[in-house]
Amino acid sequence: MLSLIDSAAMIAALPTLAPLPRQRVQETLDGELADMTHILIIGPDDAEADIVAEIGFSPLELERLRFSDSSLEPAWDVLHDHRGWFELVFCVANDGFAFVLLIEDHEPPTPLVRLCRTHSRLVPDHPLNR
């Protein structure tokens, strides 16, 4: 997992990133909210406990309900499928702060990837999806 907590971390990581994460990080840097955005790049070996340790909550849980519970109402603001990567965004404050999780799609799917596959919306017009 790669945790990019501010613009300095984002700039340092740019050369090492795969195309979709690199594009999203660059777009964040080009905007006005880079220092109000925490980007987490999640790969196949990253566990839910690692995500919780980094951002303080699990995207698979809301008020003690798990993704597998049919009564769970999604709490995210954006969930897009970019063909090979998912973009899961949680806006957590009125000042614009957000957690952006870029999740690599993989087999066998983890619970987080299954959640993304189940609820995401394909973004066909993004240049990296062509």
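> Explanation requested: the pairing of strand E5 (residues 78-81) in the structure shown.
Side chains on a regular strand alternate between the two faces of the sheet. One ladder, built from four bridges, connects E5 with strand E6 (residues 85-91); its direction is antiparallel. What sits directly across from aspartate 81, in E6, is phenylalanine 86. In this sheet, strand E8 (residues 121-122) lies alongside E5 in parallel orientation, the contact comprising two bridges. Bridge assignment links aspartate 81 to a residue of E8, and that residue is leucine 122.

> I tried to follow the pattern of salt bridges on my own but got confused; where do I start?
Once their charged atoms are close, side chains differing in charge can pair, the charge on each being opposite to the other. Within the structure shown, the criterion is met by four salt bridges. Across the pair glutamate 27 and arginine 24 runs a salt bridge whose closest N-O atoms are separated by 2.3 Å. With a gap of three residues between them, glutamate 27 and arginine 24 both fall in helix H2 (residues 19-30), about one helical turn apart. Since its relative accessible area comes to 32%, glutamate 27 is described here as partly exposed. The partner of arginine 24 in a salt bridge is glutamate 87, with the nearest N and O atoms 2.9 Å apart. Within this pair, whereas arginine 24 is found in helix H2, its partner glutamate 87 is found in strand E6, the two being separated by 63 residues in sequence. Given a relative accessible area of 8%, glutamate 87 falls into the buried group. Salt bridges sharing partners connect three or more residues here, namely Arg24, Glu27 and Glu87.

> I'm lost on the nonpolar core in this one. Help?
Side chains of a nonpolar character, in soluble globular proteins, are inclined to be buried together. Counting residues in each nonpolar core, the largest one holds 17 residues, and the members touching the most others are Ile42, Leu79, Leu88, Leu101, Ile103, Leu112 and Cys116. For this core, the elements supplying multiple residues, two or more each, are strand E2 (37-42), helix H3 (48-55), E6, strand E7 (98-104) and helix H4 (111-119). Here this core takes four residues from H4, the largest share from any one element. If we ignore the near neighbours within four places in the chain, the residues touching isoleucine 42 are Ile51, Trp85, Leu101, Leu102, Ile103, Glu104 and Leu112. Core analysis: the next-biggest nonpolar cluster, separate from the first, contains 16 residues, Met10, Ala13, Ile39 and Leu102 among them.

Criteria and thresholds
Residues numbered from 1 in each chain as written. Predicted model: local features only at pLDDT ≥ 70, side-chain atom pairs only at ≥ 80, totals over all residues. Heavy atoms only, no water. Pairing = 2+ DSSP bridges. Helix = DSSP H or I, 4+ residues; strand = E, 2+ residues; numbered from the N terminus. Salt bridge = Lys/Arg side-chain N within 4 Å of Asp/Glu carboxyl O. Buried < 20%, exposed > 50% of the residue type's maximum accessible area, 1.4 Å probe, protein only. Core = buried A, V, L, I, M, F, W, Y, C linked by side-chain atoms within 4.5 Å. Contact = heavy atoms within 4.5 Å.

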